[in-house]
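Here are the chains, one letter per residue:
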Amino acid sequence: MDLDSILDRVKKKDRTAQRILYEAYAPVLMGIGMRYMNHVQEAEDMVAEAFIKIFTRIGTFKDKGSFEGWMKRIMINECLMQIRKNQRQHLYLPIDDVEVDIDPVAIEKISEEEIIRTINTLPEGYRTVFNLYVIDGYKHREIAEILDISIHTSKSQLIMAKRRLQQLLKKNKNYIPHESLEANTR
Amino acid sequence: MNPWKQIQDKARNGRITTDKRVWDTIEYQLNTQEQTTYKKALYRSVWIAAAIAIFVSAGIYFILESDPVFQVEPLISEHLPDHDASDQLLYLYSDLDLEFHEKGKLVPNFKKLSQHPLIIQKNL
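Predicted model, so just to flag it, every value in this text is computed and none were measured.

So, how was this worked out
Each chain has its residues counted from 1, following the order in which its sequence is written. Each chain is given a letter, starting from A, and each ligand a number, starting from 1, according to the order in which they appear as written. In keeping with the model being predicted, local features are shown solely for residues with a pLDDT of at least 70 and side-chain atom pairs are shown and tallied solely at 80 or more, while totals for entire chains, interfaces and linings include all residues. Hydrogens are left out, water is left out, and the side-chain values use all remaining heavy atoms of the structure. Numbering of helices and strands starts at the N terminus; helices are DSSP runs of H or I of at least 4 residues and strands are runs of E of at least 2. Buried, partly exposed and exposed residues are distinguished by accessible area as a fraction of the type maximum, computed with a 1.4 Å probe on protein chains only: under 20%, between the cut-offs, and over 50%, respectively. In this analysis, two residues are considered to be in contact whenever any of their non-hydrogen atoms come within 4.5 Å of each other. We get accessible surface area from the Shrake-Rupley algorithm with a probe of 1.4 Å; when it comes to residues, only the shown protein chains can shield them. Accessible area, probed at 1.4 Å, shrinks when two parts are joined; the buried area is that loss added up over both. By definition here, a salt bridge exists when the distance from a side-chain nitrogen of Lys or Arg to a carboxyl oxygen of Asp or Glu is within 4 Å. Orientation is described by axes fitted as lines to C-alpha atoms, over the contacting stretch for helices, and by angles from 0 to 180 degrees between their N-to-C directions. Orientation is classified from the angle alone, with under 35 degrees giving roughly parallel, over 145 giving roughly antiparallel, 65 to 115 giving roughly perpendicular, and any other angle giving oblique. Following the grouping adopted for this structure description, the nonpolar residues are Ala, Val, Leu, Ile, Met, Phe, Trp, Tyr, Cys and Pro, the charged ones are Asp, Glu, Lys and Arg, and the polar ones are all others, Gly among them. Patch building starts from residues that exceed 30% relative accessible area and form no salt bridge, then joins like charges within 9 Å and nonpolar side chains (Val, Leu, Ile, Met, Phe, Trp, Tyr) within 5 Å. Centre distance within 6.5 Å is the pairing criterion for rings of Phe, Tyr and Trp, where only the six-membered ring of Trp is used; planes under 30 degrees apart are then read as stacked, over 60 as edge-to-face, and the remainder as tilted. Contacts described as polar in this section are N or O atom pairs within 3.5 Å, which, within protein, must combine one atom able to donate a hydrogen with one able to accept it, while residues neighboring in sequence count only if both atoms come from side chains. In this analysis, the expected span of each helix is defined as 1.5 Å times one less than the number of residues it contains. Joining through side-chain atoms within 4.5 Å is the link that ties buried Ala, Val, Leu, Ile, Met, Phe, Trp, Tyr and Cys residues into a set, and such a set is a nonpolar core.

Caption draft 1: Molecular detail of the overall build of chain A. The secondary structure content of chain A amounts to ten helices and zero strands. Counting helices and strands in the order they occur from the N terminus, chain A gives α-α-α-α-α-α-α-α-α-α. For chain A, the residues scored as buried account for 48% of the 186 residues in total. For chain A, contacts bridging at least 24 residues in sequence account for 73% of all contacts bridging at least 6. A total accessible area of about 9500 Å² is found for chain A, and carbon and sulfur atoms account for 50% of it.

Structure representation (structure tokens):
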């Protein structure tokens with residue numbers, strides 16, 4: 001069954017079609033939830049909230065853009081709203097400018113799920129800025145508006161996030177830098 | 001290749017399975033929403049029906065309570081020709097004989113009445 005016919009049925013509140021759509025896209029949205037939220041439970045709550053919004057507002061979806069993109073934006077907005085609601089006290093950590101360098105060959109060996117789970121372990125302030133900027137392509141100006149912070153803070157949080165992620169990835173058993181591989185093969 | 005681009009691609013393509021309870025929560029909330037919508041629609045229909053009933057009842061009440069088609073009323077003959085100002089005349093008149101006074105009140109059209117033999121009693 002193609003997506004258009006499923007969407008038509010979802011618009012008519014057909015529960016079976018809603019279930020099909022959920023089964024197809026829940027793992028995608030859960031991937032986003034795991035990147036933004038602290039815990040699996042919290043990410044799952046966001047997936048549920050996002051799907052309820054998707055099913056109730058599907059009539060407002062214009063066929064111009066991609067449906068998956070529309071759902072992802074809803075999911076990201078749900079996560080951001082929850083983050084703002086929580087108003088975590090540790091949202092912003094001290095600025096510490098550092099150069100960040102990650103070995104692309106080593107990244108190649110780490111699975112997608114591991115990458116998401118590693119991002120999930122970042123402190124919340126870093127994680128939100130990192131997700132918005134690096135993964136979801138927001139600009140620092142937009143991030144500053146969304147999170148109600150200065151552009152400078154957004155930039156510094158991103159640097160810190162990258163550094164922390166680098167440290168975390170290096171602890172991964174599959175992260176083997178290129179130089180080490182070459183040394184072992186000699 | 002840029003390692004951050006690699007991370008972006010992997011993070012974007014990453015899929016994580018959800019627990020079964022997520023769908024149960026969604027289904028429960030959708031059912032609750034639909035029930036609420038149904039109840040709201042039901043209440044709205046009841047309110048509309050009640051409003052129509054009140055409107056119709058009020059209309060019927062005002063029709064029943066309104067003046068009869070023909071009315072008997074003593075009038076001062078000052079507007080009529082050929083009568084003394086002191087004479088009182090009793091007119092039988094219908095709604096057709098009424099006209100709007102400039103102040104908005106319905107009053108007998110004396111000109112019209114004087115042209116018809118509607119006078120049933122004189123010198124009350």
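This is not the end of the story, as more comes after the structure.
Caption draft 2: The arrangement of the side chain of Q82 of chain A in detail. Among the secondary structure elements, Q82 of chain A is positioned in helix α4 (residues 67-86). Residues within four places of Q82 of chain A in sequence aside, it is in contact with M37, E42 and M46 of chain A.

Caption draft 3: Representation of the interface of chain B and chain A in the model. Facing 27 residues of chain B, the contacting portion of chain A comprises 46 residues. Per-residue buried area on chain B facing chain A is highest for W4, I16 and W23 of chain B; these three make up 25% of the total on that side. The interface formed by chain B and chain A holds three salt bridges in total. The partner of E44 of chain A in a salt bridge is R21 of chain B, with the nearest N and O atoms 3.3 Å apart.

Caption draft 4: Seen up close, unusual backbone geometry. Unlike most non-glycine residues, K13 of chain A shows phi in positive territory, near 60 degrees. On the secondary structure map, K13 of chain A appears in the loop between α1 (3-11) and α2 (15-36).

Caption draft 5: Layout of the packing of helix α7 (residues 124-135) of chain A against helix α9 (residues 151-171) of chain A. Residues and elements named next belong to chain A. For the pair α7 and α9, interaxial distance at closest approach is 8 Å and the crossing angle is 100 degrees. When the interaxial angle is binned, α7 and α9 end up roughly perpendicular. Taken together, the residues of α9 that come into contact with α7 (itself represented by G125, Y126, V129, F130, Y133 and V134) are S154, Q157, L158, M160, A161, K162, R164 and L165. Tallied by class, residues from the contact of α7 with α9 come to nine nonpolar, three polar and two charged.

Caption draft 6: Inspection of the packing of α7 of chain A against helix α1 (residues 3-13) of chain B at higher detail. Remark: α7 of chain A packs on α1 of chain B, axes separated minimally by 10 Å, with the N-to-C direction vectors making an angle of 100 degrees. Taken together, the axes of α7 of chain A and α1 of chain B lie roughly perpendicular to each other. Along its contact with α7 of chain A, which presents F130, V134 and I135 of chain A, the element α1 of chain B presents W4, I7, Q8, A11 and R12 of chain B. Its residues assigned to classes, the contact of α7 of chain A with α1 of chain B shows six nonpolar, one polar and one charged.

Caption draft 7: Spotlight on a nonpolar patch on the surface. Residues I48, I52, F55, V56, I60 and L64 of chain B make up a contiguous nonpolar surface patch of roughly 650 Å² in combined accessible area. Classification of I48 of chain B as partly exposed rests on a relative accessible area of 48%.

Caption draft 8: Highlighting the environment of D103 of chain A. Residue and element names in this part refer to chain A. Inspection of the secondary structure assignment puts D103 in the loop between α4 and α5 (104-108). By relative accessible area, D103 is classed as buried at 11%. With 67 residues separating them in the primary sequence, D103 and K170 have C-alpha atoms 9.6 Å apart.

Caption draft 9: Expanded view of the packing of aromatic side chains. Taken as a whole and judged by the stated rule, the model has nine aromatic pairs over all chains. Ring plane angle 50 degrees and centroid distance 5.3 Å describe the contact between F61 of chain A and W70 of chain A, whose orientation is recorded as tilted. For F61 of chain A, a relative accessible area of 9% corresponds to the buried category. Taken together, the ring pairs in this structure connect Y22, F51 and F55 of chain A together with W23 of chain B into an aromatic cluster.

Caption draft 10: Structural context of the side chain of R15 of chain A. For R15 of chain A, the position within the fold is in helix α2. At a separation of 2.5 Å, a polar atom in the side chain of R15 of chain A contacts the side chain of N31 of chain B. Excluding residues within four positions of it along the chain, R15 of chain A makes contact with W23, E27, L30, N31 and E34 of chain B.

Caption draft 11: Broad picture of helix α2 (residues 20-65) of chain B. With 46 residues, α2 of chain B should cover 68 Å at 1.5 Å per step; its first-to-last C-alpha distance of 67 Å lies within 8% of that length. Within the sequence span of α2 of chain B, burial applies to V22, W23, I26 and L30 of chain B. For α2 of chain B, the secondary structure elements touched by its buried residues are α2 and α3 (40-56) of chain A. Put simply, D19 of chain B is the residue that caps the front of α2 of chain B, since its side-chain oxygen is 2.9 Å from the backbone nitrogen of R21 of chain B.

Caption draft 12: Looking closely at the nonpolar core. Core analysis: the biggest nonpolar cluster contains 65 residues, and F51, I54 and F130 of chain A together with I7 and I26 of chain B have the highest contact counts within it. Considering each element in turn, this core owes the most residues, eleven residues, to α2 of chain A. Dropping the residues within four chain positions of it, F130 of chain A is found in contact with I119, L122, I135, L158, A161, K162 and L165 of chain A together with W4 and I7 of chain B.

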